[in-house]
Amino acid sequence: MAADYPTPVTPLPPGNGSITPGATGRTHTIAQSVATSDCHVFSPSVGNEARLGYTRRRINRAALLLNGSPSQVLQLTGIPPNSDFSQELPTFSISGLQQLGPPPNTDSRFRTDVTEVIDQLSTARGSHSITAGLDLRWERLDILQPPSPTGLFQFSSLFTDLPGNSGTGFPLASFLLGQVQTFSIDLQQKPIRPRAHIEEYYLQDNWKATRRLTVNAGLRWTLNFPSTEADNQGAVFNLRTQQLEYLGKNGFPRSARELHWHDFGPRLGLAYRATQKTVIRSGYGLIWIEQAGITTPFTNPQFPFLQTVTERTLDSINTAFELASGPIVAPIPITPDAGLGQGVFTVDRSLGSGYAQQWNFFIEREISTNLAFQIGYTGSKITHVGIPDTNINQLTSQQLALGAPLLAKMPNPYFGQVPRSSSLGDPTVSQAQLLKPFPRFTTVSFFRNNVGNTNYHALQARLEKRFSSGLSFLASYTWSKLIDEASSVFDATIFTGPVANFPVADSFNRRLERDVSSGDIPHDFVFSSIYALPFGSGHRLNPGCIEGKLAGGWEVTALISLQSGLPLAVTQSTNFNSFAGFATQRPNRVANPSLSRSERDASKWFNTAAFQTAPQFTLGTSSRNPVRGPGYRDVDLALLKRTKLKEGADLQFRAEFFNLTNTPPLGAPNVVLGTAGFGSITSASDPRVIQFGLKLEF
């Protein structure tokens, strides 16, 4: 069992700390695990191994808690209660100033545990070694974490502006006058408890086919049972009826997804000894991953069992409410129409598990007794990989081209249906909103929609010298390319509702996202070595006496790393198409953004003139990752000397040089067109660091 109990510095009076974004509070983390195994030999050729393991991790975090509820301590009335954390200090956001109160998701009760049962039977028959077994896993999560359990109060200059002159007011004055523009609170009445179960059955044969050839063949059957929620806390938006269907209610299943029975994964490996010094190896495998595509097995959206309710100014003239009187909000009823005026999640029930295919071909050659060289090709393709949730409640590119008429205000045919707290609840709405596929909702997203694909191809070479004559080294080089449609998967946390924050150019045209991955590193070279200097006792150069003591026992280690820079997405500072449901607007690319090494420096890392702001009602022509950031180069060196003082006593001296060449890795350039310093680099990592150490060992 491992436990961690960090307590941050107090951020408020007596003034011995500071409030910083992302600061949390006292966190208690406990990790526990237990494992046992049993091996039984039935005969000289038959044996069985059974294993049982259990791991559990709990995190309890709390920060900026009051001695009572905000209504008791701060006289803030009208704040609905949560099942927990109702004593948290509310958050006050004042435009242009540091917020007061904790950041989202500060307080939480979190527990996750995994139980695993493995059993494997092995038998040997002539040239065959056969294993068969099963791997069963139960995964559970209990989480109570409303992002803002006592509310977020927002203040701007809106109500202190001079009439007809926006921006002339003072947000702090609005705060002092208690003029709330928007209030929101996240409500969760009980923990969300997702559950998942995975079963895998496998058979493998390691066959010594000939004296030179070994074949490894196997098959694994994976059953990723659709996840459930222990109390059926989950709902799926029906695209046809435009209503929520609740897990386990009115004939709807307890899970949002279906079980697929055909997830078979073949594996094949070949090893062929061509000569006494040359070996050829090749392999292929198909591995089924989680039903969500990657990262998590849980696939049920939790809204409205975790929900956000709001109160806002309805006319930009009158406040949402005066702070002294408090908000008038209530939880959204758990009904089929709970999502009206909000963002909702839908699910593709038929979508199966993600799977990865991997293959390789390598030739290994022994050059001398302690020197070997290997070269080969490796590739992989992931199908149905998880991607961040994207908003499908968006206009098409053809509709977007209609232009300015989309912004015209129209009578809202859903006025009175949609709650007034929603931005869609006003008497008038834009023409664009009425043309969206689901005009009564802000966003509609496919929850954990694993429809992404990745492709990776690489040439790999390695030269290795085993330790001999005081020297060993390993040099490896990879030349590769990684292409995908999304370089980050969805957030694994729970959601109050979907947010169209994944920057796709067009939710209806995923081809625009296919580009080199944000993790693509075309060139990667690493060299590491250890060299024991040939001086002192036992070496060919041994001066003896005190000179031998000083000259002997020295060892030099070195590590050299050289990598290409990572691709970067270029965006523009203003998304003119957000009104139409587009999560981002890329600029137009009018030239090659790459600069030669002689033209490039920290003040201008790429050709900024290659990009122009895309006007409203257009998508922009830039690809997803059109520029590449700075590469990485690092040389580390260490000198180590061991001196034997007497029997059982040694003295060790170390001198370590990190970033020996004093070339700090540069940070990423500014890639937001329209902001100050576009294309420039303003940060870097550590410069050269030197440290010395002396250790006495008995």
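K.L.:
Would you mind going over the overall build of the protein in detail, with residue names and values included?
P.N.:
Scanning the protein from terminus to terminus reveals 5 helices and 37 strands. Summarising its shape, the C-alpha atoms of the protein cover approximately 90 × 60 × 60 Å along the three principal directions. Evaluated residue by residue, the protein yields a buried proportion of 42% over its 698 residues. The contacts in the protein between residues at least 6 apart in sequence include a share of 72% that link residues at least 24 apart. Here the protein contributes 59 positively and 52 negatively charged side chains, and the mean placements of these two sets differ by 7 Å.

K.L.:
With reference to specific residues and values, describe the pattern of salt bridges.
P.N.:
A complete count under the given rule lists 20 salt bridges for this structure. With a shortest N-O distance of 3.7 Å, Asp231 and Lys190 are connected by a salt bridge. In this pair, Asp231 sits in the loop between strand S11 (213-229) and strand S12 (235-238) while Lys190 sits in the loop between strand S9 (182-188) and strand S10 (194-208), placing the two residues 41 residues apart along the sequence. For Lys190, a relative accessible area of 37% translates into the label partly exposed.

K.L.:
Could you give an account of empty space enclosed by the protein, naming the residues involved and the relevant values?
P.N.:
Inspection of the entire model under this criterion finds 3 cavities of 30 Å³ or more. The element contributing the most residues to the lining of the largest cavity is S11, with 3 residues. Class assignment for the residues of the lining of the largest cavity results in 2 nonpolar, 6 polar and 2 charged. Its volume calculated, the second largest cavity comes out at about 40 Å³. Together, Ala196, His197, Ile198, Asn224, Phe225, Glu290, Gln291 and Pro297 line the second largest cavity. Elements that contribute at least two residues to the lining of the second largest cavity include exactly S10 and S11. It is S10 that contributes the most residues to the lining of the second largest cavity, 3 residues altogether.

K.L.:
Describe the layout of surface pockets, with residues and values.
P.N.:
There is about 700 Å³ of room inside the second largest pocket. Considering the residues around the second largest pocket, the lining is formed by 25 residues, among which Arg597, Arg600, Trp605, Pro630 and Gly631 are closest to the centre. Listing elements by their share of the lining of the second largest pocket, those giving two or more residues are strand S28 (554-563), strand S33 (627-628) and strand S34 (632-646). Of the residues that constitute the lining of the second largest pocket, the class distribution is 13 nonpolar, 7 polar and 5 charged.

K.L.:
Which residues make up the packing of aromatic side chains, and what values go with them?
P.N.:
Tallying each qualifying case throughout the model produces 20 aromatic pairs. Here Phe183 and Phe321 contribute two aromatic rings whose centre-to-centre distance is 5.9 Å and whose plane-to-plane angle is 75°, an arrangement assigned as edge-to-face. One end of the pair, Phe183, is in strand S9; the other, Phe321, is in strand S17 (residues 321-322), and 138 residues separate them in sequence. Residue Phe183 is classed as buried on the basis of its relative accessible area of 0%. On the basis of relative accessible area, Phe321 is assigned to the buried category, the value being 6%. Through a chain of ring-to-ring contacts, the aromatic side chains of Phe92, Phe153, Phe155, Phe175, Phe183 and Phe321 assemble into a single cluster. Over the face of the ring belonging to Phe252 we find Arg349, whose NZ or CZ atom lies 5.7 Å from the ring centre. Residue placement shows Arg600 over the ring face of Trp605; its charged tip is 4.5 Å from the ring centre.

K.L.:
I'd like a description of the nonpolar core, backed by residues and values.
P.N.:
What tends to happen in soluble globular proteins is that the nonpolar side chains get buried as a cluster. Counting 35 residues, the largest nonpolar core has Phe153, Phe155 and Leu244 as the members making the most contacts within it. Elements with a minimum of two residues in this core: strand S4 (91-94), strand S6 (128-144), strand S7 (152-155), S9, S12 and strand S13 (243-246). The element that contributes the greatest number of residues to this core is S9, accounting for 3 residues. Ignoring sequence-local partners within four residues, the contact set of Phe155 consists of Phe92, Ser93, Ile94, Ser95, Pro171, Ser174, Phe175, Gly178, Gln179, Val180 and Leu323. Counting residues in hydrophobic clusters, the runner-up holds 11 residues, among them Trp605, Ala610, Val627 and Phe678.

K.L.:
How would you summarise a nonpolar patch on the surface if you had to cite specific residues and measurements?
P.N.:
On the surface, a nonpolar cluster with roughly 530 Å² of combined accessible area is contributed by Phe361, Ile363, Ile375, Leu459, Tyr477 and Trp479. Inspection of the secondary structure puts Phe361 in strand S19 (residues 355-368). Among the residues examined, Phe361 registers a relative accessible area of 41% and is labelled partly exposed.

K.L.:
Now, about the environment of Glu647: what can you tell me, with residues and values included?
P.N.:
Note on placement: Glu647 falls in the loop between S34 and strand S35 (649-658). According to the relative accessible area criterion, Glu647 is exposed, its value standing at 72%. In this structure the C-alpha to C-alpha distance between Glu647 and Thr106, which are 541 residues apart in sequence, comes to 56 Å.

K.L.:
Report on unusual backbone geometry, specifying residues and quantitative values.
P.N.:
Each neighbour pair has its own omega, and for Phe303 with Pro304 the value is 5°, a cis peptide bond. The backbone of Gln75 sits at a positive phi, close to 60°, despite the residue not being glycine. Along the chain, Gln75 turns up in the loop between helix H1 (70-73) and S4. Despite not being glycine, Asn232 shows a phi value in the positive range, around 60°. Position of Asn232 relative to the elements: it lies in the loop between S11 and S12. With relative accessibility at 14%, the residue Asn232 sits in the buried group.

K.L.:
Can you lay out the sheet that holds S4 for me, pointing to particular residues and giving the numbers?
P.N.:
In space, the 4 strands of this open sheet follow the order S4-S7-S9-S16, with mixed pairing throughout. The open sheet is flanked by S4 and strand S16 (306-312), the only strands paired with a single partner. Strand-to-strand twist of the sheet, defined as the mean angle between neighbouring strand axes without regard to direction, takes the value 15°. With 4 bridges connecting them, S4 and S7 associate as parallel partners. Bridging from a neighbouring strand, Thr91 pairs with Leu152 of S7.

K.L.:
Run through the side chain of Ser148, naming residues and quoting values.
P.N.:
Relative to the assigned elements, Ser148 resides in the loop between S6 and S7. The residues touching Ser148, leaving out its near neighbours within four places in the chain, are Ile185 and Asp186.

K.L.:
How would you explain the pairing of strand S15 (residues 278-288) if you had to name every residue and give the values?
P.N.:
Each regular strand carries side chains that alternate between the two faces of the sheet. Pairing analysis gives 8 bridges linking strand S14 (residues 264-275) to S15, with the strands arranged antiparallel. If you follow Thr275 over to S15, its bridge partner there is Thr278. The turn linking S14 back onto S15 is made up of 2 residues. As defined by bridge partners, S15 adjoins S19 across 11 bridges and the pair is classed as antiparallel. Paired with Gly285 across the bridge in S19 is Gln358.

Rules behind the numbers
Residues numbered from 1 in each chain as written. Predicted model: local features only at pLDDT ≥ 70, side-chain atom pairs only at ≥ 80, totals over all residues. Heavy atoms only, no water. Helix = DSSP H or I, 4+ residues; strand = E, 2+ residues; numbered from the N terminus. Buried < 20%, exposed > 50% of the residue type's maximum accessible area, 1.4 Å probe, protein only. Contact = heavy atoms within 4.5 Å. Lys, Arg positive; Asp, Glu negative; His and termini not counted. Charge placed at Lys NZ, Arg CZ, Asp CG, Glu CD. Salt bridge = Lys/Arg side-chain N within 4 Å of Asp/Glu carboxyl O. 1 Å grid on protein atoms, 1.4 Å probe; cavity = no way out; pocket = protein on both sides within 12 Å on 5 of 7 lines; lining within 4 Å. Points joined across faces, edges and corners; volume = space filled by probe spheres on them. Nonpolar A, V, L, I, M, F, W, Y, C, P; charged D, E, K, R; others polar. Phe/Tyr/Trp six-rings, centres within 6.5 Å; stacked < 30°, edge-to-face > 60°. Lys NZ or Arg CZ within 6 Å of the ring centre and 35° of its normal. Core = buried A, V, L, I, M, F, W, Y, C linked by side-chain atoms within 4.5 Å. Patch = residues over 30% accessible without salt bridge, like charges linked within 9 Å, V, L, I, M, F, W, Y side chains within 5 Å. Areas by Shrake-Rupley, 256 points an atom, 1.4 Å probe, with all protein chains shown as cover. Pairing = 2+ DSSP bridges. Axes fitted to C-alpha atoms, helices over the stretch in contact; angles between N-to-C directions.

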